[in-house]
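Chain by chain, the residues:
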Amino acid sequence: MLSLKNVTLRRGPRALFEGATLTLFAGEKVGVVGPNGAGKSSLFALLRGELGADAGEVGVQSGYVLASVLQEVAPDPRPAVEFVLDGDRALRAVEAELAAAEAAHDGARVGALHARLLALDGYAARSRAARLLAGLGFDAAAIERPVAEYSGGWQRRLALAQALMARSDILLLDEPTNHLDLDAVLWLEDWLRAYPGTLLVIAHDREFLDRVVTRIVSIEGGRVAAYAGNYSDFELQRAQQLAQQQSAFERQQREIRHVLDFVERFRAKASKARQAQSRLKQLERMERIAPAHVDSPFAFSFVAPARLPRPLLVLEDAAAGYDGRPVLGGVRLSLAPGDRVALLGRNGAGKSTLTRVLAGLQPLQGGTRTAAQELAIGYFAQHQLEQLDPRATPLEHLRAEGGAALARAGEQEQRSFLGGFGFGGERVFERVAPFSGGEKARLVLALIVSRRPNLLLLDEPTNHLDLEMRHALGMALQDYAGAIVLVSHDRYLLRLVADQLWLVAGGRAEPFDGDLDDYAAWLRSPRPEPEGARAAAPAAPRGALAERERKRREAEQRQRIAPLRAEVERRERELERLAAEQRTLEERLGEPALHAPAARAELVALLARQGTVKRLVAEAEEAWLSASEALEAARAAG
């Protein structure tokens, strides 16, 4: 159906990939992965015929229809549903012919065209478009709104729906989950799994790829390679290949050093000169193996907040909305250091509204918001990407908007910090204006990290971020000492970070009794609300006695849990200290000088300490586990 034969594609003087050979068959579902700038989107442009190969052949089977998502949506006064129907080009062609035949009063032609319309199931086309829009988060009224009234993110959803509407044999999707909520991502997975054609999708969402694709095409280091299986299978195969490559590289390096030693020793000896020259020629003919590189370009961590008050922030019966219209009510939430809360809910349920309430950016219509005096919030939302000064550089942003300590630091320290977010070398001096969405998101995250917040509010932080940066963010959040409230469609990040799930539904926000798989099942069920979640109608007023009793129980629960949580945190700090000492001892014991006869006494002492630390680590792990189990039991007891 689709093939590449020895294809080379260049961007200016740089080859994105060379010698690419690939064959895709009808019905295959393929994920395309690789670092930013590797050539993934350029490959799609090549398949669409927008770019020409610099060498080799690109083949698409004759007569096959290829569909992809519009990169830009032009201002359009028509309703959204009409824009989506444009994706069915065969339908639109028959409709145009039918309008012409009716204008010409050609009855026979009109009858024939109605028969063709029936064969295309054209009378149900509007219903099909409406179902696509509903799956992507549009309600019944929204599908009649003009396209021009929608924001950029919603226009991207419309463009995606139009591509899905097409009667395509090959579907190209470039980051389709960006700008989607989790419920829309789950719907899209189901739709794509049922799609009968050949799918190529660029995505940075691990679970999405795992659930949708059965083959991975990796573009990295100028090479295009195909792997059987989903993304998890690819990671395993790639790790094995890299390990084999590194082993082969190290063997070859030993062989090269051996040959060079021989040449250096015998080049000057007449009897060995010919052999030395022969060995040099052997090296010249040797096909060099490159070392395997698997290190992420991103490496950062959250510096411990200056203060960790307890609680950080409390909402009591908080209500919020817009223009007098309530969105949320009766919200009770207390956040303390170490809390990891993920907000779930359908599109428009109020997740972002609740996040803005927590940030202090959304006025309350009722209830209270009580913040600790030393509360320091780090708030990430998509609109902040557009608030960056396009004329300023990353270094200038850090000095103007970063944390006080880094703003006063020397340039080298500031550049090292920004390097952890992918702004290495001269990139710190480049203006932000031409930066991609991913680069802007990384800069906003860098500014937040630099301020040492003790409460992180992250609203879709992974939009535009590639797999490596998503992984680095997840690792950094795991070690973060403050509290986190997270809204994300990236289930890998949610599973990695969150230990509490809250459902925003029916105008309420409450703990969700289940995991992400249970939430997915709830979304697919016909029931409007899960068990335990309140209906959209306001709750009946509580009596004063009942309210005082509830507050007393909650205060007792917080008081009972506080020392258990403090014990878990103390045990964690002890484990970290011992682990750091263990690493230092291992590094010291690996030094060659320590194994000389003169250092024997020191070696014996270090080995003894290593044994002691190993025992202490085991004891600390057991104590931490016991403390964690006690905390969980106390939480469950309520």
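Residues numbered from 1 in each chain as written. Predicted model: local features only at pLDDT ≥ 70, side-chain atom pairs only at ≥ 80, totals over all residues. Heavy atoms only, no water.

Teacher, can you tell me more about the overall build of the chain here?
Secondary structure summary: the chain contains 21 helices and 18 strands in total. Relative to its 638 residues, the chain shows a buried fraction of 45%. Counted over contacts in the chain with a minimum sequence separation of 6, partners at least 24 positions apart contribute 68%. Here the chain has roughly 31,900 Å² of accessible surface; of this, 53% comes from carbon and sulfur atoms. (Helix = DSSP H or I, 4+ residues; strand = E, 2+ residues; numbered from the N terminus. Buried < 20%, exposed > 50% of the residue type's maximum accessible area, 1.4 Å probe, protein only. Contact = heavy atoms within 4.5 Å. Areas by Shrake-Rupley, 256 points an atom, 1.4 Å probe, with all protein chains shown as cover.)

Please explain unusual backbone geometry as it appears in this structure.
Trans peptide bonds make up most of the peptide bonds, and negative phi angles are found at most residues other than glycine. Of the consecutive residues Arg310 and Pro311, the connecting peptide bond is found in the cis state with omega at -5 degrees. Its place among the elements puts Pro311 in the loop between helix 10 (270–285) and strand 10 (313–322). Within the chain, Glu175 stands out as a residue other than glycine whose phi angle is a positive 55 degrees.

Looking at this structure, how should I read the pairing of strand 1 (residues 2–11)?
The side chains of a regular strand alternate, first on one face of the sheet and then on the other. Sheet analysis places strand 1 next to strand 4 (residues 55–60), joined by five bridges and oriented antiparallel. The residue of strand 4 that forms the bridge with Leu2 is Val60. Direction of pairing for strand 1 relative to strand 2 (residues 14–24): antiparallel, over a ladder of seven bridges. For Ser3, the partnering residue across the bridge sits in strand 2 and is Thr23. Two successive antiparallel strands, strand 1 and strand 2, enclose a turn made up of two residues, where Gly12 displays a positive phi of approximately 65 degrees. (Pairing = 2+ DSSP bridges.)

What is the right way to look at the sheet that holds strand 1 in this model?
Working definition: the strands of a sheet are paired by backbone hydrogen bonds and lie parallel or antiparallel to each other. Within the open sheet, the three strands sit side by side as 2-1-4. Their pairing is antiparallel. Strands at the two margins of the open sheet, each flanked by one partner only, are strand 2 and strand 4. Averaged over all adjacent pairs, the angle separating strand axes in this sheet is 25 degrees, with direction ignored. Helix 1 (residues 40–48) rests against strand 1, strand 2 and strand 4 of the sheet, and its axis sits at about 120 degrees to strand 1. (Axes fitted to C-alpha atoms, helices over the stretch in contact; angles between N-to-C directions.)

Sorry if this is basic, but what is going on with a nonpolar patch on the surface here?
On the surface, Val58, Val60 and Tyr64 cluster together to form a nonpolar patch covering roughly 200 Å² of accessible area. Relative to the helices and strands, Val60 resides in strand 4. (Patch = residues over 30% accessible without salt bridge, like charges linked within 9 Å, V, L, I, M, F, W, Y side chains within 5 Å. Salt bridge = Lys/Arg side-chain N within 4 Å of Asp/Glu carboxyl O.)

Which parts of the structure should I look at to understand the pattern of salt bridges?
Pairing is possible between side chains that carry opposite charge, provided their charged atoms lie close to one another. A full pass over the atoms with the stated rule returns 37 salt bridges. Note that Glu189 is salt-bridged to Arg491, the shortest N-O span being 2.2 Å. Here the residue Glu189 occupies a position in helix 7 (residues 182–194), and Arg491 occupies one in helix 18 (residues 491–497), the gap between them amounting to 302 residues. With relative accessibility at 3%, the residue Arg491 sits in the buried group.

Can you help me understand the side chain of Ser218 in this one?
Structurally, the position occupied by Ser218 is in strand 8 (residues 215–220). Residues in contact with Ser218, not counting those within four places in the same chain, are Val33, Arg223, Val224, Ala225, Tyr227 and Phe234.

How should I be thinking about the packing of aromatic side chains in this particular structure?
The relative placement of two aromatic rings is captured by the distance of their centres and the angle of their planes. Counted according to the given criterion, the structure contains 10 aromatic pairs. Here the aromatic rings of Phe417 and Phe421 are separated by 5.3 Å at their centres, their planes lie at 55 degrees, and the arrangement is tilted. Judged by relative accessible area, which is 17%, Phe417 ranks as buried. Aromatic ring contacts, followed pair by pair, group Phe138, Tyr150 and Trp154 into a single cluster. The ring of Tyr150 is capped by Arg145, whose NZ or CZ atom sits 4.3 Å from the centre of that ring. The side chain of Arg157 reaches across the aromatic face of Trp154, ending 4.1 Å from its centre. (Phe/Tyr/Trp six-rings, centres within 6.5 Å; stacked < 30°, edge-to-face > 60°. Lys NZ or Arg CZ within 6 Å of the ring centre and 35° of its normal.)

Would you mind going over the environment of Ala481 with me for this structure?
Tracing the backbone through its elements, the reader meets Ala481 in the loop between helix 17 (467–478) and strand 16 (483–487). Classification of Ala481 by relative accessible area gives partly exposed; the value is 33%. As for Ala481 and Asn454, which are separated by 27 residues in sequence, their C-alpha atoms are 7.4 Å apart. Among residues more than four places away in sequence, those in contact with Ala481 are Pro305, Leu308, Pro337, Gly338 and Arg340.

Just checking my understanding: could you explain the nonpolar core for this structure?
Here is a general trend for soluble globular proteins: nonpolar side chains tend to be buried in one another's company. Leu158 and Leu171 are the most contacted members of the largest nonpolar core, which has 55 residues in total. With 52 residues, the next largest nonpolar core counts Leu388, Leu395, Val432 and Trp522 among its residues. (Core = buried A, V, L, I, M, F, W, Y, C linked by side-chain atoms within 4.5 Å.)

So what exactly am I meant to see when it comes to helix 11 (residues 351–359) here?
Because an α-helix packs 3.6 residues into every turn, residues spaced three or four apart end up facing the same way. Burial within helix 11 is extensive, with seven of its nine residues counted as buried. If you check which residues of helix 11 are buried, you get Lys351, Thr353, Leu354, Thr355, Val357, Leu358 and Ala359. A positive phi of about 80 degrees marks Gly360, the residue just after helix 11.

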